[in-house]
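What follows is each chain in one-letter form.
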Amino acid sequence: MDGLEVTASWYLILAAALFAIGVAGVVVRRNALVMFMSIELMLNSVNLTFVAVSKDLGLIEGQVASLFVMVVAAAEVTVGLAIIVAVFRKRSSANVDELAELKG
Amino acid sequence: MGNASFIAVAFEVVLLTGALVTILVGVVAGRNRSVWGPLVGMFFLLSAVAGLWQWLEVQADGGGLYFSTQNLPIMRSPMVVMDGFSSFAAVILGLVGFVAFLGSWDLQVRLGKRAVEFSSLMLLGVAGLHMMAATPNLVVVFIGLETASIAFYVLAGFTRTVHGSDEAALKYFLLGSLASAMFLYGVALTFAATGSLSLYGENSILNFLSSHIVSQPGILLAGMSLMLVGLMFKISAAPFHQWAPDVYQGAPNAALGLLVAGVKIAGFAAIARIFVEGMASQIDTWAPIVAVIATISMIVGVVMALVQDDIKRLLAYSGVSHAGYILTAIVAGSGGYSAMWFYLATYAFMVVGAFTVVSMVSGPGSSATSIDSLKGLGKRNPEAAWLMAVLMLGMAGIPFFTGFVGKVLAFTSAANADYVWLVVIGVVTTVIGLAYYLRVILTMFSSDEGVELATLDVSMSARFAVIIGATVTVVFGVVPWPLLDVVRNALPL
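Bear in mind the structure is a predicted one, so any value in this text is a computation, not a measurement.

Q: I tried to follow the overall build of chain A on my own but got confused; where do I start?
A: Looking only at helices and strands, one finds 3 helices and 0 strands in chain A. Considering only C-alpha atoms, chain A reaches an extent of 55 × 25 × 25 Å along its principal axes. Counting only residues that meet the buried cut, chain A has 39% of its 104 residues in that class. Here the contacts in chain A between residues at least 6 apart in sequence split such that 52% fall between residues at least 24 apart. Across chain A, 7 positive and 9 negative side-chain charges occur, with their mean positions spaced 17 Å apart.

This is the structure:
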């Protein structure tokens, strides 16, 4: 397996791809839950970037940052799912296209 | 070890204590608003006092960086900065929080037992907003941003069972989280390019950029752009403003003052700290982008506000144009700080006052708020109508109101930085913008013939909030010098 060394840039490219998939998911999919999952994917791609850079540069700050991001993401899930459940209970649907009460 | 200091985090400590105490008192006192209501107001005022304390300390000693130590490698870079910039933001956020709390009191009366949580979230949100202005670390900026945003998603959906509030909360949540994630990826890429998350100190981004040649300029550029996009979303600058009108329309009327004013103050403080200070050497890269965003914001905000029939959507688009005007001050770099702070400090009070008038007329919850609902306000409640007229003239930028002084300052600083074309667009859009502010005023003082108009009774607290907003608008419009002297000292470290 000579010549196939996995460097930090591989991780960065993977993270960029995951981030792009996340953005595409938010833009293309119309189900609030799937859009929310895509946002979580974006946050995890950020974590991957932080950890890979941290390891590459020998700086611990990136790994600490990724822990904080995980905590914030967990807090976001709590509120986000509650909002989606509230919408679903009222409308029996989590499709954002059916939310057109507010014009725009 | 290290340089931990209580005073540097006094504002957050007061507000977070307040949020916890409010919840605990709420458990005991429950529906008895006369117990915890004054308590919340007191905590907001105390936080402004804490900000004032920081301000006096900074003016005496020059402030500094806190919460770092050389002993621990992860704590090498400071986490908190106390300077004129952060302490001025503390004073303004504390006062705006207090006035917004007064304005939201009618809603809290209606919410019953749930109102305790509402007040508590307001306190938490303001603490998060100030973290954005008072930290040199990009990850802490993100944590402050999310603390405030998550609290505000809930506030937007608080009246979830009626008219569009749940829809507003969902839209705010999805687009807000998208913006936060973009900002965070920008932080990560900046970290990848420079190896630093800190805006100040020895191993800051600025020091790295001045002593090294960036090996991956593309990554740095992408990082800067993503951070900029994330923050532009939050301050609702066009073309990242689409969420604002929908969210404002659906959210409870009485909660909007803080949502709009607070996020603008903190968002601009963060933009100034990260870009004007932390990326000072890259100003030739980001300033043109910001200038273009400012142009689009001014034009889109003014044109779209002209065609709105809903007063809250009108105020949302007017907010987009105001974001554009404040960005003209950012474009000027560090020369625009005093213009930015003057504009933000006065606009915040105007906007809280205006949304309080809307909630007086249409009720504090989420409800339809067409401009026509203001019809006859001049007869139903002349005081509210005149105060609203003052606020509208202030936003329009008529001489002798604060909006005029703020715009003159912002345009002057942009002209000094050789962005004359931006100033021309700003002046033209200001003149066009007069039309919709005057439309609101004319609607208020017109009434259909032969229609019997019931007098509109308003509560003391809401009245008080609007009076404060209008007073700030007139007083600092006629005699701006005291406030100008203060904002000249509201400088970053």
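Q: Even after reading the chapter, I still don't get the overall build of chain B, so can you show me in this structure?
A: Secondary structure assignment for chain B yields 20 helices and 2 strands. Against the globule reference of 23 Å for 493 residues, chain B gives a C-alpha radius of gyration of 22 Å, in line with a compact fold. The C-alpha extent of chain B, read off along each of the three principal axes, is 75 × 60 × 40 Å. Within the span of chain B, comprising 493 residues, buried residues form 66% of the whole. For chain B, the proportion of contacts with a sequence separation of at least 24, taken over those separated by at least 6, is 81%. For chain B, the computed accessible surface area is about 16,000 Å², with 68% contributed by carbon and sulfur atoms.

Q: Can you walk me through the side chain of K312 of chain B in this structure?
A: When you line up the elements, K312 of chain B lands in helix α13 (residues 311-331). D310 of chain B is the oppositely charged side chain nearest to the buried, salt-bridge-free K312 of chain B, at an N-O distance of 6.2 Å.

Q: Is there a simple way to explain the confidence of the model for chain B in this structure?
A: Low pLDDT means the predicted atomic positions in that stretch should not be read closely. On average, residues of chain B score 92 in pLDDT, and 99% of them are at 70 or above. What the predictor reports for the complex is a pTM of 0.95 with an ipTM of 0.95.

Q: Help me understand unusual backbone geometry, please; the structure alone is not making it clear to me.
A: Trans is the common state for peptide bonds, and a negative phi is the common state for residues other than glycine. Residue and element names in this part refer to chain B. Across the junction of A238 and P239, the peptide omega takes the value 5 degrees, indicating a cis bond. Tracing the backbone shows P239 in the loop between α9 (217-234) and α10 (243-250). With phi around 55 degrees, S236 is a residue other than glycine that occupies positive phi space. With respect to the helices and strands, the residue S236 is situated in the loop between α9 and α10. Residue S236 is classed as buried on the basis of its relative accessible area, which comes to 1%.

Q: Got a minute to help me understand helix α12 (residues 283-306) of chain B in this structure?
A: Two residues of an α-helix separated by three or four positions point the same way, owing to the 3.6 residues in each turn. Residues and elements named next belong to chain B. An ideal rise of 1.5 Å per residue puts 34 Å on 24 residues; α12 measures up with 34 Å between its terminal C-alpha atoms. Here α12 has its buried residues at W286, A287, V290, A291, I293, A294, T295, S297, M298, G301, V302 and A305. In this structure, the buried residues of α12 make contact with α9, α11 (256-278), α13 and α18 (420-444).

Q: I keep staring at the interface of chain A and chain B and nothing clicks. Help me out?
A: The parts lose accessible area when they come together, and the size of an interface is often stated as this lost area. Tallying the contact residues gives 43 residues for chain A and 42 residues for chain B. Summing the contributions of chain A and of chain B, the shared interface buries around 3,800 Å²; its carbon and sulfur component is 77%. Applying the counting rule to chain A against chain B returns 2 salt bridges. Of the charged contacts, one joins D166 of chain B and R91 of chain A as a salt bridge, the two residues approaching to 2.8 Å between their closest N and O atoms. There are 1 residue pair in polar contact (both at pLDDT 80 or more) connecting chain A and chain B. Only α1 (8-28), α2 (32-57) and α3 (61-91) of chain A provide two or more residues apiece to the side of chain A that touches chain B. Here the side of chain A that touches chain B takes 17 residues from α3 of chain A, the largest share from any one element.

Q: Is there a simple way to think about the pattern of salt bridges in this case?
A: Side-chain pairs of opposite charge can arise whenever the charged atoms involved come near each other. Residue and element names in this part refer to chain B. Summed over all chains, the structure comprises 9 salt bridges over all chains. Put simply, D309 and R439 hold a salt bridge, and the shortest N to O gap is 3.4 Å. Note that D309 is positioned in the loop between α12 and α13 and R439 in helix α18, a separation of 130 residues in sequence. Through salt bridges with shared partners, a single network forms among E167, K171, D246 and R313.

Q: How should the side chain of R273 of chain B be read in this particular structure?
A: All names here are of chain B. For R273, the location among the structural elements is in helix α11. Taking the relative accessible area as the measure of exposure, R273 reaches 1% and is therefore buried. Engagement of the side chain of R273 in a polar contact is seen with the side chain of Y200, the distance being 3.1 Å. The residues touching R273, leaving out its near neighbours within four places in the chain, are V81, D83, F85, S86, A133, A134, T135, L199, Y200, G278, P492 and L493.

Q: Help me out: how do you make sense of the packing of α9 of chain B against α12 of chain B in this one?
A: Angle between the axes and distance between the axes are the two parameters that describe a pair of packed helices. All names here are of chain B. Remark: α9 packs on α12, axes separated minimally by 11 Å, with the N-to-C direction vectors making an angle of 30 degrees. The angle between α9 and α12 places the two elements in the roughly parallel class. The handedness of the crossing between α9 and α12 is right-handed. Each of L221, M224, L228 and M232 in α9 lies in contact with α12, whose residues at this interface are T285, W286, I289, V290 and I293. A per-class count over the contact of α9 with α12 returns 8 nonpolar, 1 polar and no charged.

Q: Honestly, helix α20 (residues 481-488) of chain B in this entry has me stumped. Any pointers?
A: Residue and element names in this part refer to chain B. Within α20 the residues assigned to the buried category are L483, L484 and V487. Across the axial projection of α20, the buried residues extend over an arc of 105 degrees, all falling on one side. Considering only its buried residues, α20 is in contact with α3 (84-103), α14 (337-362), α17 (402-416) and α19 (460-478).

What counts, and where the lines are drawn
Residues numbered from 1 in each chain as written. Chains lettered and ligands numbered in written order. Predicted model: local features only at pLDDT ≥ 70, side-chain atom pairs only at ≥ 80, totals over all residues. Heavy atoms only, no water. Helix = DSSP H or I, 4+ residues; strand = E, 2+ residues; numbered from the N terminus. Buried < 20%, exposed > 50% of the residue type's maximum accessible area, 1.4 Å probe, protein only. Contact = heavy atoms within 4.5 Å. Lys, Arg positive; Asp, Glu negative; His and termini not counted. Charge placed at Lys NZ, Arg CZ, Asp CG, Glu CD. Rg over C-alpha atoms; globule rule 2.2 N^0.38 Å. Areas by Shrake-Rupley, 256 points an atom, 1.4 Å probe, with all protein chains shown as cover. Salt bridge = Lys/Arg side-chain N within 4 Å of Asp/Glu carboxyl O. pLDDT = per-residue confidence, 0-100. Expected span 1.5 Å × (residues − 1). Buried area = accessible area lost by both parts, 1.4 Å probe. Polar contact = N/O pair within 3.5 Å; in protein donor to acceptor, adjacent residues only side chain to side chain. Axes fitted to C-alpha atoms, helices over the stretch in contact; angles between N-to-C directions. Parallel < 35°, antiparallel > 145°, perpendicular 65-115°, else oblique. Left-handed = near helix turned anticlockwise from the far one by under 90°. Nonpolar A, V, L, I, M, F, W, Y, C, P; charged D, E, K, R; others polar. Arc of directions from axis to C-beta.

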